[in-house]
Amino acid sequence: MNHRGPLDRVEWIRWPTLAAFALALVLAGCGTIQGPAYQRPDTPDKPQWSQLEGRELSTSEVIQPDWWHGFGDPYLIQLIQRAIDQGLDMRIAALRLDKAGIQLGKDRFSATPKVSASPADSIERGKSNNQKSATTRETESLGASLSWELDLWGKIRKDMQAADARYRATEMDWRGTQLTLIASVAERYFQIRQFDEQIAQQIASKQQAEQLLGIYQAQHQEGMVPETKIRSQKAEINGLQNRLIDLQRGRTESELKLATLLGVPAGELSVPVGTLRGSVRIIEMPEVLPADVLSRRPDVLRAEYSVLQAHHLVGKARLARLPTFSLTGAAKTGTSFVSTVINTWTFGLAASWAGLFDRDLAIDVKLNEADVRIAREEYRKTVLGAYEEVEIALLNLNARRQQIKELEAQVADLQVVRNVQDARLREGLVSQLEVFDTERTLLGAQQEILSMYQLVLTDTVTLYKALGGGWESARPGAEPKVTVSKSAK
């Protein structure tokens, strides 16, 4: 009696499967089934910015990673770092990126063999020739199966490339969230500092009006001025106090909103009083900004990664119509589970031709091609919007810096006029109405300078945001490399 070992029980690949495999190879060689190679969408050329002239600069010369340090305000730097570390927007974006990383890992597992195991118990009953009574035998066995889809045409690779692009798009969302948060914190801080200085100006103007009221009251007691003049001066003080209350309310509101950006309950943050022009300096922008800075913008990069993802999904949909070949295997233990002796092996190569006759797969190709066209147009729209934002920010910066110079000249002239009028008012040589008009105009010009200064700072932040902040360029290529995900703190 011949005893067969485990290898004698192997079931080898059948010839029909091999024939199907050979035929599929011929079909795959008849052309580029997955479609053309990826090409970056065409966008309008932008060799130069209309508001700037001068020497050419590299992108690294224009934007430093910690560009907000250029404002020279340690407290602002502290606030921005606190928002990055504790802000809920950043935590949510980081968690979403972590989730995308988990999904990417799951997608990559789909390319690995799938193994399953299942233990089984069986009971055998029967009679032998020499025995009158029935015998019962319990056996234990362990079955294991293996399935591994062979990526002959690159369909799984295309799926992985699409998953990589999707992950990188989520990473660009994380970048965009941080850039927006930095800009929002800086803008709120500038508003608070503007209110601080305007409040100081308002208090000084009110104090001066109160001193003038004291002069009028003394003159009225001597019969030099009528009571109506005193009442007019009191009305002026009331107007200044009303404006002061509004400025203080505005500062508190900005402080409450800044607290939320930092992840602090509103009312729990107290920003010390300071000055705008004394605390924050204006960053001088270079004469030339290279157009390739847009390769740093998170939204532009995200839009291109979306194009790349759609491109790979087209290739996957095309390849899904080809036959699928899977290496299958099964193993089973012998009569004793504990013995762990495998005495049955089976191997095979399974083929599926269903995709060739599936009309839905053909429609899927057309749908994915439509997604590519849409993504390309959305990318172009994003790039044009980025150009617009940069040009508007540059336009505003140039115009408002000129306005500051004009306002400073106006304030200088008004201060001379006010000093002369103050002296002549005490001598009774000018009217109270003339003094009021000069004071209002001077205070308005002083506060307008502050508003323009704050707008220049805000426009600078807007420009840095429009240029993509201090991120490294990360243009999508044929196969973007995915690194580690950013964990939420």
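What you are looking at is a predicted structure, and each value in this text was computed from that prediction instead of being measured.

Novice: Quick question: what am I supposed to make of the overall build of the protein here?
Specialist: The secondary structure content of the protein amounts to ten helices and four strands. The helix and strand sequence of the protein, counted from the amino end, reads α-α-α-α-β-β-α-α-α-α-β-β-α-α. The contacts of the protein with a sequence gap of at least 6 include a subset with a gap of at least 24, amounting to 85%. With the model as given, the accessible surface of the protein reaches about 27300 Å², and the carbon-plus-sulfur share is 54%.

Novice: Explain the nonpolar core here, please?
Specialist: Soluble globular proteins tend to bury their nonpolar side chains together. Counting 59 residues, the largest nonpolar core has Phe71, Val185 and Phe190 as its most contacted members. Within the residue set of this core, elements represented by two or more residues are α3 (74-86), α4 (88-109), α5 (155-221), α6 (227-261), α9 (359-426) and α10 (432-466). For valine 185, the residues in contact, after removing those within four places along its chain, are Leu79, Ile80, Ala83, Leu258, Leu261 and Leu262.

Novice: Is there a simple way to think about the pattern of salt bridges in this case?
Specialist: A side chain of one charge can pair with a side chain of the opposite charge when the charged atoms of the two come close. For the structure shown, the criterion picks out 16 salt bridges. A salt bridge links arginine 193 to aspartate 196; the shortest N-O distance between them is 2.7 Å. Taken together, the residues span about one helical turn, with arginine 193 and aspartate 196 both in helix α5 at a distance of three residues. Take arginine 193 and aspartate 196: they sit in the same class, and that class is buried.

Novice: Would you explain the packing of aromatic side chains in this entry?
Specialist: Each pair of aromatic rings is reported with the distance of its centres and the angle of its planes. Per the counting criterion, the structure on display carries five aromatic pairs. Their ring planes at 40 degrees and their centres at 6.0 Å tell us that tyrosine 75 and tyrosine 189 sit as a pair that is tilted. Taken as a pair, tyrosine 75 in helix α3 and tyrosine 189 in helix α5 lie far apart in primary sequence, 114 residues in all.

Novice: Before we go on, may I ask you to explain the confidence of the model for the protein in this structure?
Specialist: Should the pLDDT be low somewhere, the predicted coordinates at that spot are not to be read in detail. Within the protein, residue pLDDT values average 75, and 64% of them lie at 70 or more. Mean pLDDT values for the elements of the protein range from 48 in helix α1 (residues 15-28) up to 94 in α3. The low-confidence segment residues 23-31 (pLDDT under 50) makes ten contacts with residues lying over four places distant or belonging to another chain. Within the model, the stretch residues 121-125 combines pLDDT values under 50 with 14 contacts to residues more than four positions away or in other chains.

Novice: Whenever I open this one, α6 confuses me. Can you help?
Specialist: An α-helical segment advances 3.6 residues per turn. Residues three or four places apart therefore align on the same side. Given a rise of 1.5 Å per residue, 35 residues ought to cover 51 Å, and the 52 Å separating the end C-alpha atoms of α6 matches this to within 8%. Phi turns positive one or two residues past the end of α6, at glycine 263, with a value near 80 degrees.

Novice: Please clarify how the packing of α3 against α5 should be interpreted in this entry.
Specialist: Working note: a packed helix pair is described by the angle between its axes plus the distance between those axes. With their axes 10 Å apart at the nearest point, α3 and α5 run at an angle of 140 degrees to one another. In terms of their interaxial angle, α3 and α5 are classed as oblique. For the element pair α3 and α5, the recorded crossing hand is right-handed. From α3, Tyr75, Leu76, Leu79, Ile80, Ala83 and Ile84 reach across to α5, where they touch Gln178, Leu181, Ile182, Val185, Ala186, Tyr189, Phe190 and Arg193. Within the contact of α3 with α5, the residues separate by chemical class into twelve nonpolar, one polar and one charged.

Novice: Can you help me understand the packing of α4 against α5 in this one?
Specialist: Taken N-terminus to C-terminus, the directions of α4 and α5 make an angle of 170 degrees; their axes are 9 Å apart at the nearest point. Judged by the angle between their axes, α4 and α5 are roughly antiparallel. Here Asp89, Met90, Ala93, Ala94, Arg96, Leu97, Ala100, Gly101, Gln103, Leu104, Asp107 and Arg108 of α4 lie close against α5, whose contacting residues are Met160, Ala163, Asp164, Arg166, Tyr167, Thr170, Glu171, Trp174, Thr177, Gln178 and Leu181. Taken together, the residues of the contact of α4 with α5 break down into eleven nonpolar, five polar and seven charged.

Novice: Help me understand the side chain of aspartate 73 in this model?
Specialist: Residue placement: aspartate 73 occurs in the loop between α2 (59-62) and α3. Buried and without a salt bridge, aspartate 73 has arginine 193 as its closest oppositely charged side chain, separated by 4.8 Å. Setting aside chain neighbours within four positions, we find aspartate 73 in contact with Tyr189, Ser279 and Val280.

Novice: Quick question: what am I supposed to make of the environment of arginine 243 here?
Specialist: Mapped onto the fold, arginine 243 is located in helix α6. Each C-alpha atom, one on arginine 243 and one on isoleucine 203, is 10.0 Å from the other, the two residues being 40 residues apart in sequence. When neighbours within four sequence positions are excluded, arginine 243 is seen to be in contact with Gln202 and Gln447. One polar contact links arginine 243 to glutamine 447, side chain to side chain, over a distance of 3.4 Å.

Novice: Is there a simple way to think about the side chain of glutamine 202 in this case?
Specialist: For glutamine 202, the location among the structural elements is in helix α5. Look at glutamine 202 and you get buried, because its relative accessible area is 1%. If we ignore the near neighbours within four places in the chain, the residues touching glutamine 202 are Leu240, Arg243, Leu244, Leu247, Leu443 and Gln447.

Novice: How do you make sense of the environment of alanine 393 when you look at a structure like this?
Specialist: Note that alanine 393 resides in helix α9. With a relative accessible area of 2%, alanine 393 lands in the buried category. Considering only alpha carbons, one finds alanine 393 and threonine 460, 67 residues apart in sequence, at a separation of 7.4 Å. Dropping the residues within four chain positions of it, alanine 393 is found in contact with Asp459, Thr462 and Leu463.

Novice: So what exactly am I meant to see when it comes to the environment of glutamate 253 here?
Specialist: Here glutamate 253 shows up in helix α6. For glutamate 253 and arginine 188, which are 65 residues apart along the polypeptide, the C-alpha to C-alpha distance reads 9.8 Å.

Rules used throughout
- Residues numbered from 1 in each chain as written.
- Predicted model: local features only at pLDDT ≥ 70, side-chain atom pairs only at ≥ 80, totals over all residues.
- Heavy atoms only, no water.
- Helix = DSSP H or I, 4+ residues; strand = E, 2+ residues; numbered from the N terminus.
- Contact = heavy atoms within 4.5 Å.
- Areas by Shrake-Rupley, 256 points an atom, 1.4 Å probe, with all protein chains shown as cover.
- Core = buried A, V, L, I, M, F, W, Y, C linked by side-chain atoms within 4.5 Å.
- Buried < 20%, exposed > 50% of the residue type's maximum accessible area, 1.4 Å probe, protein only.
- Salt bridge = Lys/Arg side-chain N within 4 Å of Asp/Glu carboxyl O.
- Phe/Tyr/Trp six-rings, centres within 6.5 Å; stacked < 30°, edge-to-face > 60°.
- pLDDT = per-residue confidence, 0-100.
- Expected span 1.5 Å × (residues − 1).
- Axes fitted to C-alpha atoms, helices over the stretch in contact; angles between N-to-C directions.
- Parallel < 35°, antiparallel > 145°, perpendicular 65-115°, else oblique.
- Left-handed = near helix turned anticlockwise from the far one by under 90°.
- Nonpolar A, V, L, I, M, F, W, Y, C, P; charged D, E, K, R; others polar.
- Lys, Arg positive; Asp, Glu negative; His and termini not counted.
- Polar contact = N/O pair within 3.5 Å; in protein donor to acceptor, adjacent residues only side chain to side chain.

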